[in-house]
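The lines below spell out each chain.
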Amino acid sequence: MQIDWQHFTPWSSLAGGLLIGLAAAVLILFNGRIAGISGIVGGLLSPRKGDSGWRIAFLAGLLLTPLLYQLRHALPEVDIEAGTPALVIAGLLVGLGVRYGAGCTSGHGVCGLSRLSPRSLVATMCFMAAGFLTVYVLRHGLAWT
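Residues numbered from 1 in each chain as written. Predicted model: local features only at pLDDT ≥ 70, side-chain atom pairs only at ≥ 80, totals over all residues. Heavy atoms only, no water.

### Observations concerning the packing of helix α2 (residues 37-45) against helix α3 (residues 53-70)
Next up, step 1: Across the interface, α2 lies against α3 with an axial gap of 9 Å and an inter-helix angle of 130 degrees. Viewed along their axes, α2 and α3 adopt a mutual orientation that is oblique. In this structure, α2 crosses over α3, and the sense of that crossing is left-handed. Along the contact surface, α2 presents Ile37, Gly39, Ile40, Val41, Gly43 and Leu44, while α3 presents Trp54, Arg55, Ile56, Phe58, Leu59 and Leu62.
Next up, step 2: Here the contact of α2 with α3 is composed, by residue class, of nine nonpolar, two polar and one charged. (Axes fitted to C-alpha atoms, helices over the stretch in contact; angles between N-to-C directions. Helix = DSSP H or I, 4+ residues; strand = E, 2+ residues; numbered from the N terminus. Parallel < 35°, antiparallel > 145°, perpendicular 65-115°, else oblique. Left-handed = near helix turned anticlockwise from the far one by under 90°. Contact = heavy atoms within 4.5 Å. Nonpolar A, V, L, I, M, F, W, Y, C, P; charged D, E, K, R; others polar.)

Right under this line is the structure:
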């Protein structure tokens, strides 16, 4: 195994992780809500009175931040090595997993683990195991790069 030193970014990765943790902490401390993206979006699809403002603000922040970043820096190049059918299937499987897992990786992995939730620990271990297994099968079993 070799490290790609050109793309090794521990400090910016640490800063990003700290910002994610800070955003999750601020949301739960000041709003009493979990920063799980699937739950935030789901709440917009079946809104309750007075519950949409913070959801829209949170999602707007997620969408606007790259645009603000782009004002000072070039966005990194994105190279997706998959076709449309593979992306559609992957998206549907992620959506199915979110429903069966009662939450997404941000809700369970970031917020649930920080609250020491046993359910979130099991869900995160399942997410990770499924990801590892999928990569192994596709790259080594099916030789799909």
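That shown, we press on.
### With respect to α3
One turn of the α-helix equals 3.6 residues, which is why residues spaced by three or four share an orientation.
Next up, step 1: For α3, which comprises 18 residues, the first-to-last C-alpha distance of 26 Å matches the rise-based estimate of 26 Å (1.5 Å per residue) to within 8%.
Next up, step 2: By the largest-angle criterion, Leu64 marks the main kink of α3, which is about 35 degrees, and a proline, Pro66, follows within four residues.
Next up, step 3: Along α3, the residues classified as buried are Trp54, Arg55, Phe58 and Leu59. (Expected span 1.5 Å × (residues − 1). Bend = angle between axes of the 7 residues up to and from the residue. Buried < 20%, exposed > 50% of the residue type's maximum accessible area, 1.4 Å probe, protein only.)

### Examining the confidence of the model for the protein chain
Next up, step 1: Counting all residues, the mean pLDDT for the protein chain is 88, and 98% of those residues have values of 70 or more.
Next up, step 2: The element-level mean pLDDT for the protein chain is lowest in helix α4 (residues 84-100), coming to 86, with α3 highest at 92. (pLDDT = per-residue confidence, 0-100.)

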